[in-house]
Structures are given as structure tokens and as C-alpha cells.
Amino acid sequence: MSEAHVTMGAHTAAPMEAPPFAIPSKKLAMWLFVMADVMTFAACVAAYAFTRNATPDWPRPFHSVTAVAVMTVIMLTSGLTMLIALGAAKAGDKAGAFRWMMITAVAGIIFTLLHIRDWMGMIDQGVGLLHNPWGTAAFGASFYAITGFSLLHISIGTIALIIVAIRYQGGRYNADDIEIVSIFWQFVGLVWLFIVPVVYLMNQTPAAR
Amino acid sequence: MTTAERHGIGKYVAVYICLLVITALQFVIGYQNIQGTQLVVRMLTFAIIETLLVVLFFMNLGSEKPVFVKFVVYFMLFVLATMNYIWTDSFRLLLFRLTKVGPS
């Protein structure tokens, strides 16, 4: 038996390596989830860009992007209100944190309703998954896939915000939990900031420019 | 807003205003008569700047340990860079559809 083995046997606990990232495990889990989700969104956008580039008669149906601009401002503002909630939570202001989280959730609900209204407008114009009045059928499928995936994230994020806010108010969650849901909320806002130019602004009707 | 809430918010408000301005510029570009590669480059440049601002400040990645920042950034950049291998096939398909020459 080597000297090393004898030494290890004499001590019950071997020295552990210092944690390299030194962040709470829940926060690390959220970052890993965000990294995985980035890949999913990147795959969606890559598939969209592939089809868009390879299709000469790609439709450019967006005459006005005013509603999209309003939605973008709401999303950006909700990111700020989320940070105010986080700041309040870290400062121990429970009522303030709850209030600002609920304001963020309301912004998420308004965004979701505007998004559904946008979809209804597209459906009224005859845009379906496999057909549209303007050109290649792939437009509808890719449009609904990307915006729908984003809408799903924002809806889930809004529900998560409300749940975390209520549990924080009830004392079951703390500021760390608000920080975790904040990371997710900022991420879905960031995704929207990519969807706006790629899906809407690059597909405006030439007359609208 | 209480004093506690105001604490440290100034930095975030500055970043928020920057994001609003950059987004407004994107919409201005969207309404200009810019086509093709120039449009894509300008839009994506602004989107990348927005990404840096959001990730570093709103998601607070900038305040994490450097080794964690490297872990996130290097893996993300690698994945996003390798996804660009689609372009050769996309342009091949575009060329075929326009000229009907080459493999379908």
C-alpha cells in the first residue's frame, strides 16, 4: 500500500476542489437551461434564415410594424421593472418587490394579448401553416413556429412570475428565486429583440419603406 | 418608489434607454429603402449590441466570476458559429431555384 493510500485512509474526508463557478445551484441550473434554450431558438432562426434566403419569392407582408414597436417597448420596459423588483427584493422591501413583479406580469399579459391580436390579423389575411396569399407556403409555417415559440416562452414566463411573486409574498421564496425568474424573463425579452428584425423588419412591404 | 428600490437602478435605466434608442434605430432602418446584405448586417449588428447589453447588465452575467462568463460565452459562440454551415446549402438551393442549373 502506498503512502498516499495510508494517508487517505487516515482521514475520512478527502479535500474537495473549490466550486469553480461559485454561484447557487438553482442559478446555475437556470443558466444551463437558458444555454440550451438559446440553441433551440438558434436552430429555429437558422432554419428560418435558410428557407428565407433560399426562396426567391419570399413574402413581405408587413405594411405597418407599429404594433410590433409597441410590443417591443412593453417587453423592454418589463425587463426594467423586473430589475426594479429584484433590487427591491435584495434590499428587503417585500411589498415593493411583489408590486414590481406583478407590474412585470401585467406587462407580460399585455404583450401576450397583443401578440395574439397580431396572429389573428395574420390569420384574417389568410396566412395558415401551409398556405398564404402572397407566395411560398413555408412563410406561414416558419412565422408561426418562431413567433409561437417565443409566445409560449413569454406566457410561461408570465405564469412563473405570478407564482414566484405570490410565493415570495408568502415567505416561501426569497430574493434568489426572484433573481432566477429574472434571468429567464430577460432571456425571453432578448429573444424578442432578435425576432423583431429577423421576422418583421426584414419582411416589410417595400412600399412601406 | 422607495429609496431601497432606487438603489442601483440608475445603471439599469441607462441600459434601458440605450436599448430603446437602438431598437428605434432598427425600426428607422426597417423603413429605409435598404435591401439585401446591407439590411441584414445593420439589423444583426444592432441586435448583437442589444444582446451584449441585456446579457451583461439585465441578466447580470457581467457580475459573475470570469470563469463562469467564459463558460457561457465560449459555448454559446461555438454553437452559434457552427450553425452557419447552413449557408452554403441555402445559396446552392437559391441558385438552383433561380437558374434551374445544378443539383436540386
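This write-up is about the structure you can find in this document. (Residues numbered from 1 in each chain as written. Chains lettered and ligands numbered in written order. Predicted model: local features only at pLDDT ≥ 70, side-chain atom pairs only at ≥ 80, totals over all residues. Heavy atoms only, no water.)

Overview of unusual backbone geometry
Phi is positive for B:Asn60, close to 60°, though the residue is something other than glycine. Judged by relative accessible area, B:Asn60 falls into the buried class, the value being 11%. (Buried < 20%, exposed > 50% of the residue type's maximum accessible area, 1.4 Å probe, protein only.)

A look at helix 4 (residues 94-124) of chain A
The first and last C-alpha atoms of helix 4 of chain A sit 45 Å apart over 31 residues, in line with the 45 Å expected at 1.5 Å per residue. Downstream of helix 4 of chain A by a residue or two, A:Gly126 has a phi angle that is positive, lying close to 95°. (Helix = DSSP H or I, 4+ residues; strand = E, 2+ residues; numbered from the N terminus. Expected span 1.5 Å × (residues − 1).)

Examining the interface of chain B and chain A
Much of the literature gives interface size as the accessible area that the parts lose upon coming together. Each partner contributes to the interface: chain B provides 53 residues, whereas chain A provides 59 residues. Buried area between chain B and chain A, both sides added, is near 4800 Å², and the carbon and sulfur share of it is 75%. Counting every contact that joins chain B to chain A gives one salt bridge. Between A:Lys27 and B:Glu64 there is a salt bridge, with the nearest N and O atoms lying 2.5 Å from each other. Scanning the region where chain B abuts chain A turns up seven residue pairs in polar contact (both at pLDDT 80 or more). For the side of chain B that touches chain A, the secondary-structure elements that each account for two or more residues are helix 1 (3-6), helix 2 (9-31), helix 3 (36-58), helix 4 (66-82) and helix 5 (87-99) of chain B. When its residues are assigned to classes, the side of chain B that touches chain A shows 37 nonpolar, ten polar and six charged. (Contact = heavy atoms within 4.5 Å. Buried area = accessible area lost by both parts, 1.4 Å probe. Salt bridge = Lys/Arg side-chain N within 4 Å of Asp/Glu carboxyl O. Polar contact = N/O pair within 3.5 Å; in protein donor to acceptor, adjacent residues only side chain to side chain. Nonpolar A, V, L, I, M, F, W, Y, C, P; charged D, E, K, R; others polar.)

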